[in-house]
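# Chains, contacts and geometry: an overview
One-letter residues, chain by chain:
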Amino acid sequence: MVGKTRCPSCKSKGKDKHHDNLILYADGGGYCFSCGYVQRGNKPYTATNFGNRGAGEVVVLSGPKPLPEDIKQVGTNCVGYSWIGKYLSRVPQWLLWSEENQWLIFPYFIEEELIAWQARNFGSYGPKWYTFGNVKQLYYIRGKQQNTCILVEDIVSALKIEEAGYCAMPVFGSQIGLERLRTLCNRFSDIRIWLDPDKRVESIKEAQKASLEGMAIKVLFSDKDPKELTCEEIQDIL
């Protein structure tokens, strides 16, 4: 960070009268934590490997959009740790926490490069999830190499299926698309779509479109989100 200035987006709404909402970075980019406005920089970003850092240690990362200045490896004393602990028996050490924003941050690395990241918001205002980067073109596959890959809506469900011993990929929503399915079919011999219970129709439509293109995609259903099931229940369904 090299300074602060007034956010043009907030300004257009008559806000940011203190002229300090937009955080400026050395690459010329900027980010407003009030409204989410992004000012793109002119230098490439690099990723940082922080897997061996201790809980509470500050981790400085660059990415497709600036990460909060106060990010730390998630510790046991924050609400984000307690929340994800409801779903996973082991909280991943690579998760980050922003105390100022009350964000649990999921950074997505591909070959040591930070491609995108998401934040689960525990603050008193704003949406529940923030997404930074083009996750619709992201193949973020969790778990050991197998012939089967389970496609789920969100990162927590993918982590839960990985914990159950399978390979999973979040599609970050309910729309997958033929291009992604073709790419995955070239890598895996068995693709299964397992979206949340309220997206059963969407699951069937995705599989039907793939079938017309010669791809055999299986659809799985459950009364709960995959992340809400036990590992034993996931193994039974699969």
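What counts, and at which threshold
- Residues numbered from 1 in each chain as written.
- Predicted model: local features only at pLDDT ≥ 70, side-chain atom pairs only at ≥ 80, totals over all residues.
- Heavy atoms only, no water.
- Helix = DSSP H or I, 4+ residues; strand = E, 2+ residues; numbered from the N terminus.
- Buried < 20%, exposed > 50% of the residue type's maximum accessible area, 1.4 Å probe, protein only.
- Contact = heavy atoms within 4.5 Å.
- Areas by Shrake-Rupley, 256 points an atom, 1.4 Å probe, with all protein chains shown as cover.
- Pairing = 2+ DSSP bridges.
- Axes fitted to C-alpha atoms, helices over the stretch in contact; angles between N-to-C directions.
- Core = buried A, V, L, I, M, F, W, Y, C linked by side-chain atoms within 4.5 Å.

### Looking at the overall build of the chain
- Assigned secondary structure in the chain consists of six helices and 13 strands.
- Each of the 238 residues in the chain was classed as buried or not, and the buried ones make up 45%.
- For the chain, restricting intrachain contacts to residue pairs at least 6 apart in sequence, the fraction spanning at least 24 positions comes to 49%.
- Of the roughly 12,500 Å² of accessible surface on the chain, a fraction of 46% belongs to carbon and sulfur atoms.

### Examining the sheet that holds strand β11 (residues 168–170)
- The strand order across the open sheet formed by four strands is β11-β10-β12-β13, and the pairing between neighbours is parallel. A strand with exactly one partner marks an edge of an open sheet, and here the two such strands are β11 and β13 (217–219). Shown here is a sheet whose adjacent strand axes are inclined to one another by a mean of 25°, direction ignored.
- Relative to β13, strand β12 (residues 190–193) is paired through three bridges, and the arrangement is parallel. Looking across to β13, one finds that I191 is bridged to I217.
- The strands touched by helix α5 (residues 200–212) within the sheet are β12 and β13, with β13 carrying the most contacts at an inclination of about 165°.

### Brief notes about the nonpolar core
- In terms of nonpolar packing, the biggest core is built from 22 residues, with W83, I84, L95, L104, F106 and Y108 touching the most fellow members.
- The residues touching Y108, leaving out its near neighbours within four places in the chain, are E113, L114, I115, A116, W117, Q118, L138, Y140, I155 and F172.
- Listed in part, the 16 residues of the second largest apolar core include C149, L151, V171 and L184.

### Remarks on the sheet that holds strand β5 (residues 72–73)
- The antiparallel open sheet is built from five strands, whose spatial order is β5-β6-β7-β8-β9. In the strand order of this sheet, the two ends are held by β5 and β9 (129–132), each with one partner.
- Of the strands in this sheet, β7 (103–110), β8 (113–121) and β9 are in contact with helix α3 (residues 155–163), which crosses β7 at around 70°.

### A short note on the pairing of β8
- Counting buried positions over the nine residues of β8 gives seven, a clear majority of the element.
- In textbook terms, the turn of a hairpin is the stretch between consecutive antiparallel strands, and for β7 and β8 this stretch comprises two residues, one of which, E111, has a positive phi near 50°.
- The pairing of β8 with β9 spans four bridges and is classified as antiparallel. Opposite W117, over in β9, you have F132 as the bridge partner.

### Structural notes on the environment of Y87
- Inspection of the secondary structure assignment puts Y87 in the loop between α2 (79–84) and β6 (96–98).
- Y87 sits in the buried class, given a relative accessible area of 15%.
- The spatial distance from the C-alpha of Y87 to the C-alpha of S157 is 8.5 Å, given a sequence separation of 70 residues.
- Residues in contact with Y87, not counting those within four places in the same chain, are V156, K160, E163, K227 and E228.

### Considering unusual backbone geometry
- Of note, the phi angle at D16 is positive, near 55°, even though the residue is not glycine.
- By secondary structure assignment, the location of D16 is in the loop between α1 (8–12) and β2 (22–24).
- Taking the relative accessible area as the measure of exposure, D16 reaches 8% and is therefore buried.
- One non-glycine residue, F172, lies in the positive phi region at around 55°.
- Tracing the chain through its elements places F172 in the loop between β11 and α4 (178–187).

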